[in-house]
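# A structural walkthrough
Listed below, chain by chain, are the residues.
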Amino acid sequence: MELKNNTVLITGGTSGFGLEFTKRFLELGNTVLITGRNQVKLTETKRLFPQVHTFQSDISKPEDIKALYQQVVEKFPDLNIIINNAGEMRKLVLHDEHELLDITREVEINLMGPIRMVQQFLPHLKKKNAAAILNVTSGIALMAFPIAPVYGATKSGLRSYTQSLRVQLKNTSIKVFELVAPGSSTPLNDKFKEVDGFSSSGMMAPDIIVAAAIKAMQKDKLEIYPGLLRVFRFIIRLAPQLVLAQASKIGASAMRGNPLLTAAK
Ligand SMILES: NC(=O)c1ccc[n+]([C@@H]2O[C@H](COP(=O)([O-])OP(=O)(O)OC[C@H]3O[C@@H](n4cnc5c(N)ncnc54)[C@H](OP(=O)(O)O)[C@@H]3O)[C@@H](O)[C@H]2O)c1
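So, here is what we can say about the structure in this document.

The rules we used
- Residues numbered from 1 in each chain as written.
- Predicted model: local features only at pLDDT ≥ 70, side-chain atom pairs only at ≥ 80, totals over all residues.
- Heavy atoms only, no water.
- Helix = DSSP H or I, 4+ residues; strand = E, 2+ residues; numbered from the N terminus.
- Expected span 1.5 Å × (residues − 1).
- Buried < 20%, exposed > 50% of the residue type's maximum accessible area, 1.4 Å probe, protein only.
- Contact = heavy atoms within 4.5 Å.
- Salt bridge = Lys/Arg side-chain N within 4 Å of Asp/Glu carboxyl O.
- Core = buried A, V, L, I, M, F, W, Y, C linked by side-chain atoms within 4.5 Å.

### As for helix H6 (residues 149–168)
Look at H6: 29 Å from first C-alpha to last across 20 residues, which is about the 28 Å you get at 1.5 Å a residue. Every buried residue of H6 is listed here: Val150, Tyr151, Gly152, Thr154, Lys155, Leu158, Arg159, Tyr161, Thr162, Leu165 and Arg166. Lining the buried residues of H6 we find helix H4 (100–103), helix H5 (105–126), strand S5 (131–136), strand S6 (174–179) and strand S7 (223–224).

### So, the pattern of salt bridges
For the structure on display, the rule yields 13 salt bridges. Among the salt bridges present, the one from Glu20 reaches Lys23, with a minimum N-O distance of 3.3 Å. Of this pair, Glu20 and Lys23 both sit in helix H1 (residues 16–27), three residues apart, which is roughly one turn of the helix. We classify Lys23 as partly exposed; its relative accessible area is 28%. One salt bridge in this structure joins Glu27 and Arg24, with 2.8 Å as the shortest N-O distance. One end of the pair, Glu27, and the other, Arg24, are both in helix H1, three residues apart, so they sit about a helical turn from each other. We classify Glu27 as exposed; its relative accessible area is 55%.

### What about the nonpolar core?
Formed by 30 residues in total, the largest nonpolar core has its most connected members in Phe21, Phe25, Ile83, Leu134, Leu179 and Met217. Looking at this core, the elements that each hand over two or more residues are strand S1 (7–10), H1, strand S2 (31–36), strand S4 (79–84), S5, S6 and helix H7 (206–218). Here this core gets six residues from one element, more than from any other, and that element is H7. Look past the residues within four positions of Leu134 in its chain and what remains in contact with it is Phe21, Ile82, Ile83, Asn84, Phe177, Leu179, Met217 and Ile224. Ranked by size, the runner-up nonpolar core spans 28 residues in total, among them Ile59, Leu79, Ala86 and Leu165.

Now the structure itself:
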């Protein structure tokens, strides 16, 4: 699709991939609207890119999505592209105590958020001659990632939803893209730096991933696998147990549970 003269709404546009999407879409001559929870980060992004339009909005709250929709379609009726990017990844050791409401926080943000965004904006997008939805999933959507169990579940869920959405929107003007993003050196990964077995070496820079996504959108490639993920996805299919064993080494000491029982085995 033509990536010029569009009006693009990016959730989580203040950091990492979202910030890179903001830069690239502006450079290409689009109107760019971004969301985020933290007003300080939104103001800083506006300072860096005065053309950007900012909206404080929490994707995990349905009332925020409704309010965002009202403001956006009123001020920017030409909106035709949504980038569902906002996300969070937490290290969760399931042996620890967790509040029942808190344990599913990533489900609200990473899975319910994009589903609700699509549902809210779909009637509007359907009126456009050319429109697109891009959902940011992850290489982790293709496998399990034991140290971030809820995150992994949300990304697999979002991938499944995205594929169904694409089928259901087949006869509309809306293209449904999925960015299956590889690990990248963004603030999302900062809290994993101390986790044993976790390494950020070999991660791709966010600008390279976003450049690949933009290029793929321009060529109407609906499933986007930047960098080594092109190969890695076949390895996951061929040797899933091997991949799971490798992924299980990350944070293994924290996940071990009762050390006495583990030692006895
Ligand atoms: N980095 C990686 O290795 C990697 C790999 C694969 C996929 N991904 C996916 O890529 C997407 C972006 O991640 P990133 O690495 O760029 O993370 P990041 O640098 O931490 O940025 C996350 C962005 O989302 C916003 N956000 C978080 N929770 C939100 C909420 N409830 N409502 C609205 N905005 C929210 C943040 O702003 P506020 O905090 O102000 O709300 C921020 O702008 C995520 O979906 C992530 O799962 C990342």
